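# Per-entry structural report
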Amino acid sequence: MANKTVLDINAGQAPFSLNRDLSPYEMPPQFFSDGNNIRFNNRKAGIILGHTQVLGTPSAAPYWAVSWRRVSTDLWIYGGLTQLYQITGTTHSTVTRSVGGSYTTLSGTTNNWNGGILGGCLVVTNGLDVPQSYTQSGTRFTDLPEWPSTLRCKAIVPFKNHLVALNLTDSSTAYPFSLRWSDAIPEGAVDNGTDTWDTASTASEAGQVSIGATPGHILTAIPLGNELIVYKEDSIHALTYTGGSFTFDVIEKFKSTGLFSQQAVVDLGDGRHVLMSTNDVLIHNGNTIKSVIDDTMKLFLFGDIDSTYYEKTFLAHNKIRSEVWICYPRTNAPSGFPNRAVIWNYSENTWTIRDLPSVNFIAKGVVNPALTNTWAASSSTWAGSTAVWATQPYNPAVDSLLMCGTSDTKFYEADKSLTFDGTAFTAYLERFGLRSQDTSNVIKVNRIFPRCEGSGVVYISVGAELEPYQGVTFSTPVAFTIGTDYKVDCRVRGRYLAVRFETSTATNFNLTGYSIEAEEVSER
């Protein structure tokens, strides 16, 4: 009589996750060796939520966006190649400066819009023109008052009650190691008089420094507690307010680590930043730094990025899901726009992959305040809902991710619905290299018992191979109806087993585990 064996795969001891770097023949069974459009959450593996078009039709292809409240109205501001626009509800209008007109086109450059909010005022730059400001009492952008006419900056960041301009160009001469800060600016204003940016005036706190100890250029800066963390291509520094004649002091934080691209860093809001360097994905608190991607997705990620358009890589923080999305253009991505995200869940330390609709940026904020993630706002049942149920009605800082669908000239709300803007997508999980303790014996798989929550149909294939890397032969996919079926029958032989779960319809499912029933049939 043949010896029967059962391989039970579950996330009871360790969460399910994707691992594209380690050999599938050596890694623990909770890892999947391939997958796409899947989310790992609460020790389950399920289809990731899609995206839906929102906010009407953009006036131009959106390259960047920011959520901003002017007086009592929530607005979205977005930048195109040569103009700035605002959205009120679903109405789009141009808010480009009246004096000076259209901006230098972003086309053919590595620049993008960026900026932030200082004392209620929005300040942005495209890296090519004079920075722009939009005040609470204004009706459109204007050139930033008192800004030196010959000066340009690649990035501009509010910090405390100052503006900090980074990676400068003055009279067409580049100063990529330099940054300049303004005088202290009163709340509700964007300047403090004629000396706002005058570094020679004793009546102003304005100043300028060069961070030239390493050859890398300054890319951007993000506040972290009482410090402004300045990211170069090859090192990380901090700007600390000291007052007095120097105003700010520059401290080196991490000498051998820099930023992959200008927007490849996010603030988790808990005293930590996550960044992508030239060969790693790291987390730091300003004092210590460590890799979060070793032996999981590092080799896959850096091997998948288009080498021509790598500078378009950016990070987005999906706070409500405890995720960091590393968004990048795959090799030969259409027009070089990011079309894939490798996603890290920092609460459960899991990794996955998601397709993107060629987006140049993902912003966060209020997409529609009337839509909340409460029971009162939902028309779904608990079992059928795709929402994240929270104790708050909504939080305008974290609830929604707004994708700038640059190729499609659309805005999409991410993590919405089970389709990609109305089109069903394929989601799948695969695991190769599963084996019993004794790999000298050939085993025959008779059936598999998936443990699935949700609804709809998942197609399950079982495969095998006699030797590692020989090539898996899969059985014909079998439809598994969640809530009706409890097993899938199959007839597969080999020493190393494989299993694939796939759906190409709007199926809401979560896999909590599965068992493989097999028996030994020979020793060769």
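Above this text is the structure in question.
First, a word on scope: everything that follows refers to the structure included in this document.

Each value, and the rule that gives it
Residues numbered from 1 in each chain as written. Predicted model: local features only at pLDDT ≥ 70, side-chain atom pairs only at ≥ 80, totals over all residues. Heavy atoms only, no water. Helix = DSSP H or I, 4+ residues; strand = E, 2+ residues; numbered from the N terminus. Rg over C-alpha atoms; globule rule 2.2 N^0.38 Å. Buried < 20%, exposed > 50% of the residue type's maximum accessible area, 1.4 Å probe, protein only. Contact = heavy atoms within 4.5 Å. Areas by Shrake-Rupley, 256 points an atom, 1.4 Å probe, with all protein chains shown as cover. Lys, Arg positive; Asp, Glu negative; His and termini not counted. Charge placed at Lys NZ, Arg CZ, Asp CG, Glu CD. Pairing = 2+ DSSP bridges. Axes fitted to C-alpha atoms, helices over the stretch in contact; angles between N-to-C directions. Core = buried A, V, L, I, M, F, W, Y, C linked by side-chain atoms within 4.5 Å. 1 Å grid on protein atoms, 1.4 Å probe; cavity = no way out; pocket = protein on both sides within 12 Å on 5 of 7 lines; lining within 4 Å. Points joined across faces, edges and corners; volume = space filled by probe spheres on them. Nonpolar A, V, L, I, M, F, W, Y, C, P; charged D, E, K, R; others polar.

### Focus: the overall build of the protein
When helices and strands are counted, the protein shows one helix and 42 strands. Computed over C-alpha atoms, the radius of gyration of the protein comes to 26 Å, within 12% of the 24 Å expected from 2.2 N^0.38 for 524 residues, which places it in the range of a compact globule. For the protein, the C-alpha atoms occupy an extent of roughly 95 × 50 × 40 Å along the three principal directions. With 524 residues in all, the protein has 52% of them scored as buried. Taking contacts inside the protein between residues at least 6 apart in sequence as the whole, the part at least 24 apart equals 60%. Carbon and sulfur atoms form 48% of the exposed surface of the protein, whose accessible area is close to 21500 Å². If you average the places of the 39 positive and of the 48 negative side-chain charges in the protein, the two averages end up 6 Å apart.

### Some thoughts on the pairing of strand β28 (residues 314-318)
The buried count for β28 comes to five of five residues, which makes it a mostly enclosed element. Pairing geometry for β28 and strand β29 (residues 323-328), over five bridges, is antiparallel. Paired with L315 across the two strands is I326, which belongs to β29. The loop that links β28 with its antiparallel partner β29 comprises four residues; one of these, S322, has a positive phi angle of about 55°.

### A closer look at the sheet that holds strand β22 (residues 236-243)
With antiparallel pairing, the four strands of this open sheet are ordered in space as β20-β21-β22-β23. Across the chains shown, the open sheet's two edge strands, defined by having one partner strand only, are β20 (218-224) and β23 (247-254). When strand polarity is set aside, the average angle formed by the axes of neighbouring strands in this sheet is 25°. Pairing analysis gives six bridges linking β20 to strand β21 (residues 227-232), with the strands arranged antiparallel. Counted as the bridge partner of I222 is I229 from β21.

### Focus on the sheet that holds strand β27 (residues 289-291)
The antiparallel open sheet is built from four strands, whose spatial order is β24-β25-β26-β27. Two strands bound the open sheet, and with one partner strand each, they are β24 (265-267) and β27. If you compare each strand with its neighbour and ignore which way they point, the axes differ by 20° on average. With three bridges connecting them, strand β26 (residues 281-284) and β27 associate as antiparallel partners. What sits directly across from H284, in β27, is I289.

### Notes on the nonpolar core
Residues W325, F501 and Y514 are the most contacted members of the largest nonpolar core, which totals 86 residues. Once you skip the residues sitting within four places of it in the chain, Y514 turns out to touch L7, D8, I9, F32, R431, L434, I448, F449, P450, R451, V499 and F501. In terms of nonpolar packing, the next biggest core, distinct from the first, is built from 29 residues, L55, L106, Y134 and V367 among them.

### Regarding the layout of surface pockets
The calculated volume of the largest pocket comes to roughly 1100 Å³. Taken together, 35 residues make up the lining of the largest pocket; nearest its centre are V66, G115, I222, F361 and K364. Elements with a minimum of two residues in the lining of the largest pocket: β8 (64-70), β12 (114-118), β16 (151-159), β20, β24, β28 and β32 (361-365). No other element matches the five residues that β32 contributes to the lining of the largest pocket. Of the residues contributing to the lining of the largest pocket, the split by class is 22 nonpolar, ten polar and three charged.

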